[in-house]
Amino acid sequence: MVKETKSWSSRQKKHLLLKIVVPILLLGIAYRLFIVSDPVQPSPATPLTDDIPPTESDPSDFNDEDEGPPLPDDKCDLFSGEWVPNPSGPDYTNDTCPFIETHQNCMTNGRPDSAYLYWRWTPHDCELPKFNPVKFLKLMRNKSWALIGDSITRNHIQSLLCMLSKVDKVVEVYHDEEYRSRRWSVPSYNFTISVVWSPFLVQAAIFEDMNGVSTSEVELHLDKLDKKWVHMYQNLDYMTISSGKWFLKTSIIYENDKIVGCHNCPGKNLTEYGFDFAYRKALRTVLKFIATSNHKGMIFFRTSTPDHFENGEWFSGGTCQRKEPVKEGEIEFKELNQILRKVELSEFRKVKSIASQNGVNLKLLDVAPLSLLRPDGHPGPYRHFYPFAQDKNATVQNDCLHWCLPGPIDSWNDVLMEMVTNG
């Protein structure tokens, strides 16, 4: 295949070369650093092994008419609001919940401040009830739910399990060899809830160790769904899907079982595509399948969430040291997140009406705006156990992507329950 590069307009070139090259270089690698599969033991820092160059995309995959976000399904926009003080604090702690992964167990790891625990998301135009685990389990009697995606999905299901385990026994009934895909049961309600490891949602051969160090490019099939979630799809009553930053990884791109190009593969003599090209194609495959599937349950497409590295990135001293939420307008999405968000919202908008016509209950779980306002909610250096115990001036890599548990991610469950009960 002759090597070529898809051309952009001069405006797009300037836009990417000046604004996105640094975020992509840094955040793509940072994300791989923090994708740790072991649910208990911390892993050593992932070395810097790959450079991510400026990315380019096929202009035919962008349409300015699709940039606007879909209109909210409900009378109240649950995703437009603010974080307000919550004196009662979280519904669980590190002592009461056994499901918190080591890297997100900020209190156990010695985070000294606790103000980040005392806030609650409140929409502007309506009341959002707190998550009620008893009511939730009654709704879930004889039902099944799967959360499908990457390590943020795992972060989310641990929050949900912590809340459910406060009122009933939660039992693990399955895990794969690497503990990436797992399933739990609440026997008294015959409710099963699973996390399915599928970071691309489409078929992908991933060659990396448990610390995220790659030995070869990802082999990414944009037109084939990942069987790990498709085989269980029609038997699920509820499903949450998400993806995003994994598309920054170096990959060989396939369609119709043929190589059509690659992302970040200098020297391969292949057409170079941007990560957004692959993400758009993959989401289109996934969402079209869902919208035309005649599925009778409820399906949530969750938007990708922002990181909050400041004053650098993970390898250059980037930290997240804020102690409280910010107000709307005080912080903006980084260019990388803007691109991911543009793809997500436009592709969702395209299939929403198709899903409705086919009786598929597909909803947008747009947690990105509310998550953007919580730069205080990440583990930071406290992804490690007491990182400054030996040296208060120690240089420690920060995690400003995942969320402390308990923490802001718990409010996602408030929103989910409202959408289930009134959606």
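The structure displayed is predicted, hence computed values, not measured ones. (Residues numbered from 1 in each chain as written. Predicted model: local features only at pLDDT ≥ 70, side-chain atom pairs only at ≥ 80, totals over all residues. Heavy atoms only, no water.)

Trainee: Before we move on, could you go through the sheet that holds strand 5 (residues 182-186) and cite the residues and values that matter?
Mentor: Ordered in space as 4-5-6-3-9-12-13, the 7 strands form an open sheet in which the pairing is mixed. Each having just a single partner strand, strand 4 (171-175) and strand 13 (361-365) make up the two edges of the open sheet. In this sheet, adjacent strand axes meet at a mean angle of 15° when their direction is disregarded. The sheet contact formed by strand 4 and strand 5 spans 4 bridges and is antiparallel. (Pairing = 2+ DSSP bridges. Helix = DSSP H or I, 4+ residues; strand = E, 2+ residues; numbered from the N terminus. Axes fitted to C-alpha atoms, helices over the stretch in contact; angles between N-to-C directions.)

Trainee: Give a description of the packing of aromatic side chains that names residues and reports values.
Mentor: Here the structure, examined in full by the defined rule, presents 17 aromatic pairs. Between the aromatic rings of tryptophan 197 and tryptophan 246, the centroid separation amounts to 5.5 Å while the plane-to-plane angle is 85°, which identifies the pairing as edge-to-face. Note that tryptophan 197 is positioned in strand 6 (residues 191-197) and tryptophan 246 in the loop between strand 9 (238-241) and strand 10 (251-255), a separation of 49 residues in sequence. Accessibility assignment for this pair places tryptophan 197 and tryptophan 246 in one class, buried. Each ring, one from tryptophan 229 and one from tyrosine 233, has its centre 6.0 Å from the other, and the planes form 75°; the classification is edge-to-face. Residue classification places tyrosine 233 among the buried residues on the basis of a relative accessible area of 1%. In textbook terms, an aromatic cluster arises when at least three aromatic residues are bridged by ring pairs, as seen for Phe131, Phe136, Trp145, Phe191, Tyr238 and Phe300. (Phe/Tyr/Trp six-rings, centres within 6.5 Å; stacked < 30°, edge-to-face > 60°. Buried < 20%, exposed > 50% of the residue type's maximum accessible area, 1.4 Å probe, protein only.)

Trainee: Any chance you could break down empty space enclosed by the protein for me, citing the residues and the numbers?
Mentor: Applying the stated criterion across every chain, the model contains 5 cavities of 30 Å³ or more. Taken as a whole, the largest cavity encloses approximately 200 Å³ of empty space. Surrounding the largest cavity, 19 residues form its lining, Asn86, Pro90, Trp119, Asp410 and Ser411 being those nearest its centre. Contributing elements (two or more residues each) for the lining of the largest cavity: strand 2 (119-123) and helix 9 (411-422). (1 Å grid on protein atoms, 1.4 Å probe; cavity = no way out; pocket = protein on both sides within 12 Å on 5 of 7 lines; lining within 4 Å. Points joined across faces, edges and corners; volume = space filled by probe spheres on them.)

Trainee: Describe unusual backbone geometry, naming the residues involved and giving the relevant values.
Mentor: The step from leucine 405 to proline 406 runs through a cis peptide bond, and the omega angle for that step is -10°. Examined against the element boundaries, proline 406 turns out to sit in the loop between helix 8 (368-372) and helix 9. With phi around 55°, asparagine 269 is a residue other than glycine that occupies positive phi space. You will see that asparagine 294, though not glycine, has its phi angle at about 60°, which is positive.

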